Amino acid sequence: MKLFKSLLVAPATLGLLAPLSATANEITINDFAPAEELAVTNSRVDGLEARLNDFEAGSFSTTTTASFSVDMAIGAVDGNTTSEALTAVYGYQMDLSTSFTGEDTLAVAIDAGSNQSALAQLDLNSTGNDALTVDGVSYTFPLGDKLTVLVGDSTSGSALYSTACVYGGFTNTLDDCGNFSTAFTATGHAVAGTVGFSAAYDIGNGFTGAVGYNGQGSDAAGLGTIEGTDFVGGQLTYTADNYGVSITYADLDVATGWGLNGYYTFASNLPSVSVGYEFGEVEQVGADDQETTQWFVGLQWDELGNGTLGVALGSDGPQNEGVDEDMAYEVFYTYNVNDSMTITPALFIIEHNQAGAEDETGVVVKTSFSF
């Protein structure tokens with residue numbers, strides 16, 4: 001009888017255990033499924049990290065910055081020998097800057113722009129043919145606490161000079177503060193294949209000293225050769241709280257010159273005053289050296305309304321002694337539309353005193369963007 005009861009109970013017991021076994025099997029499988037999902041998720045994360053690494057490898061270095069500027073101008077110049085028509089021009093510049101140590105700078109300037117023609121008095125960083133061109137490559141680095149050195153191609157030897165002038169000129173003629181020859185630049189004097197070297201030293205107590213060199217390093221003539229053109233110069237500057245003075249010397253291969261500059265800024269709403277004077281000698285084949293002079297005076301109100309007003313006059317570049325000098329005049333007002341945009345109406349006059357030369361009078365409106 002006990003065996004008979006056991007046979008009857010056994011199927012019932014198995015029937016109860018079967019669902020429990022099935023449930024246990026389902027729980028085990030379900031428990032392992034989210035582990036599978038985690039593996040898939042990890043695989044996708046690894047893929048995203050690989051893509052991100054590829055993206056970062058092709059992007060800018062974390063120490064590289066880029067800045068951009070665009071100048072657009074419209075105007076006309078009465079008496080210009082090229083054209084007196086109303087002309088619209090533009091200039092574009094991109095500056096890339098990279099630091100490797102936090103104290104050095106590798107700088108690359110890239111320019112583009114339209115043909116400026118009659119508006120060539122404006123410094124718009126234009127290539128003249130709407131094509132992007134590398135305008136300069138330079139590397140600046142410190143040597144100790146007081147010495148800074150710069151080397152570069154298509155770079156001015158006066159890049160680290162501290163000429164005592166606070167006037168921001170509107171035209172190419174007057175923005176050199178009367179220091180056209182002695183603070184030589186890559187564009188101020190033609191040096192084919194120019195390579196520049198400049199160094200500045202902080203003497204202390206407001207004094208700084210600087211030296212510069214330009215030569216034909218990327219030209220067949222080479223550096224420091226008889227066939228090549230070499231510029232060498234130096235500058236001593238003193239800067240106080242509201243004034244500064246500088247003296248500059250240059251040996252320009254076939255000419256020498258001295259430049260004197262100074263400025264004074266007032267505490268009130270009076271304008272800053274900047275002045276410059278330069279004299280030099282140019283070698284003449286079979287004749288006495290030709291003496292030249294240049295001078296400049298500029299006034300600037302940095303906070304007049306919502307902008308800056310500038311007025312300047314001076315000689316139109318270095319002038320030969322003994323002849324009536326050509327003169328240059330300008331007035332401009334830069335209105336700050338916002339932090340990245342300015343509008344500058346300007347008037348300039350180039351007064352030619354040689355026989356047969358006509359004076360030039362230009363009226364221009366320039367809009368500048370920086371970003």
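Cut-offs and rules
- Residues numbered from 1 in each chain as written.
- Predicted model: local features only at pLDDT ≥ 70, side-chain atom pairs only at ≥ 80, totals over all residues.
- Heavy atoms only, no water.
- Helix = DSSP H or I, 4+ residues; strand = E, 2+ residues; numbered from the N terminus.
- Buried < 20%, exposed > 50% of the residue type's maximum accessible area, 1.4 Å probe, protein only.
- Areas by Shrake-Rupley, 256 points an atom, 1.4 Å probe, with all protein chains shown as cover.
- Phe/Tyr/Trp six-rings, centres within 6.5 Å; stacked < 30°, edge-to-face > 60°.
- Disulfide = S-S within 2.5 Å.
- Pairing = 2+ DSSP bridges.
- Contact = heavy atoms within 4.5 Å.
- Core = buried A, V, L, I, M, F, W, Y, C linked by side-chain atoms within 4.5 Å.
- Patch = residues over 30% accessible without salt bridge, like charges linked within 9 Å, V, L, I, M, F, W, Y side chains within 5 Å.
- Salt bridge = Lys/Arg side-chain N within 4 Å of Asp/Glu carboxyl O.
- Lys, Arg positive; Asp, Glu negative; His and termini not counted.
- Charge placed at Lys NZ, Arg CZ, Asp CG, Glu CD.
- pLDDT = per-residue confidence, 0-100.

1. Some points on the overall build of the protein chain
When helices and strands are counted, the protein chain shows 1 helix and 17 strands. Classification of the 371 residues of the protein chain by burial places 35% in the buried group. As displayed, the protein chain has an accessible area near 20,900 Å², and 59% of this comes from carbon and sulfur atoms.

2. Quick word on the packing of aromatic side chains
This structure, assessed with the given rule, holds 10 aromatic pairs. Here Y167 and F296 contribute two aromatic rings whose centre-to-centre distance is 5.6 Å and whose plane-to-plane angle is 55°, an arrangement assigned as tilted. Pair noted here: Y167 is in the loop between strand 5 (147-153) and strand 6 (195-204) and F296 is in strand 12 (residues 287-304), with a separation of 129 residues, a long-range link. These aromatic residues form a ring-pair network of at least three members: Y167, F170, F296 and F332.

3. Considerations on the state of the cysteines
In a disulfide, the sulfur atoms of two cysteines are covalently bonded to one another. Counted under the stated rule, the structure contains 1 disulfide. Here C165 pairs with C177 through a disulfide, and the sulfurs are 2.0 Å apart. In this structure the cystine formed by C165 and C177 twists about its S-S bond by roughly -65°; its chirality is therefore left-handed. With a gap of 12 residues between them, C165 in the loop between strand 5 and strand 6 and C177 in the loop between strand 5 and strand 6 connect regions that are remote in the sequence. Residue C165 shares its accessibility class with C177, and that shared class is buried.

4. Considerations on the pairing of strand 16 (residues 341-351)
The side-chain alternation of strand 16 yields one buried face, formed by T342, T344, A346, F348 and I350, and one unburied face, formed by M341, I343, P345, L347, I349 and E351. Bridging between strand 15 (residues 327-338) and strand 16 involves 9 bridges; their strand directions are antiparallel. Residue pairing in the sheet places A328 in a bridge with I350 of strand 16. Taken together, strand 15 and the strand that follows it, strand 16, pair antiparallel across an intervening segment of 2 residues. Sheet analysis places strand 16 next to strand 17 (residues 360-370), joined by 10 bridges and oriented antiparallel. Among the inter-strand pairings, L347 is bridged to a residue of strand 17, identified as V363.

5. Structural notes on the environment of V364
For V364, the position within the fold is in strand 17. Under the relative-accessibility criterion, V364 is labelled buried at 1%. Through-space distance from the C-alpha of V364 to that of G75 is 4.2 Å; in sequence the pair is 289 residues apart. Discounting chain neighbours no more than four positions away, the residues touching V364 are A73, I74, G75, L119, L122, F170, T344, P345, A346 and F348.

6. A few points about the side chain of Q294
Within the secondary structure layout, Q294 lies in strand 12. Residue Q294 is classed as buried on the basis of its relative accessible area of 1%. Apart from the residues within four sequence positions on either side, Q294 is in contact with D176, G178, N179, F180, G276, Y277, E278, S315, G317 and P318.

7. Some details on the nonpolar core
Counting 19 residues, the largest nonpolar core has L122, F296 and V364 as its most contacted members. Only strand 1 (64-78), strand 15 and strand 16 provide two or more residues apiece to this core. A per-element tally of this core places strand 16 first, with 3 residues. Once residues within four sequence positions are removed from consideration, L122 is found in contact with A73, Q116, F170, N172, F348 and V364.

8. Looking at a negative patch on the surface
Together, D251, D253, E281, E283, D288, D289, E291 and E321 line one region of the surface with negative charge. Breaking the negative patch down by element, the ones donating at least two residues are strand 11 (272-284) and strand 12. Examining the composition of the negative patch, we find that 3 residues originate from one element, strand 12, more than from any other. Position of E283 relative to the elements: it lies in strand 11.

9. Some points on unusual backbone geometry
Excluding glycine, a negative phi dihedral is what most residues carry, and trans is how most peptide bonds are arranged. Of note, S117 is a non-glycine position whose phi angle comes to about 45°, a positive value. Assignment of secondary structure puts S117 in the loop between strand 3 (105-113) and strand 4 (133-143). Given a relative accessible area of 28%, S117 falls into the partly exposed group. Of note, the phi angle at C177 is positive, near 55°, even though the residue is not glycine.

10. Focus: the environment of D145
Mapped onto the elements, D145 comes out in the loop between strand 4 and strand 5. D145 sits in the exposed class, given a relative accessible area of 84%. Sequence separation between D145 and Y201 is 56 residues; the distance between their C-alpha atoms is 9.2 Å.

11. Some words on the pairing of strand 11
Side chains on a regular strand alternate between the two faces of the sheet. Sheet analysis places strand 10 (residues 255-264) next to strand 11, joined by 10 bridges and oriented antiparallel. From the neighbouring strand, G262 faces strand 11, where its bridge partner is V275. Summarising the sheet, strand 11 and strand 12 pair through 12 bridges and their orientation is antiparallel. Note on strand 12: the bridge partner recorded for E281 is E291. The loop that links strand 11 with its antiparallel partner strand 12 comprises 2 residues; one of these, G286, has a positive phi angle of about 70°.

12. Some remarks on the confidence of the model for the protein chain
For the protein chain, the mean per-residue pLDDT works out to 85, and 85% of the residues sit at or above 70. Below a pLDDT of 50 lies the segment residues 1-30, which in the model reaches 0 contacts outside its immediate sequence neighbourhood of four places, other chains included. Within the model, pLDDT remains below 50 along residues 186-190, and this stretch shows 9 contacts once partners closer than five positions in the same chain are excluded.

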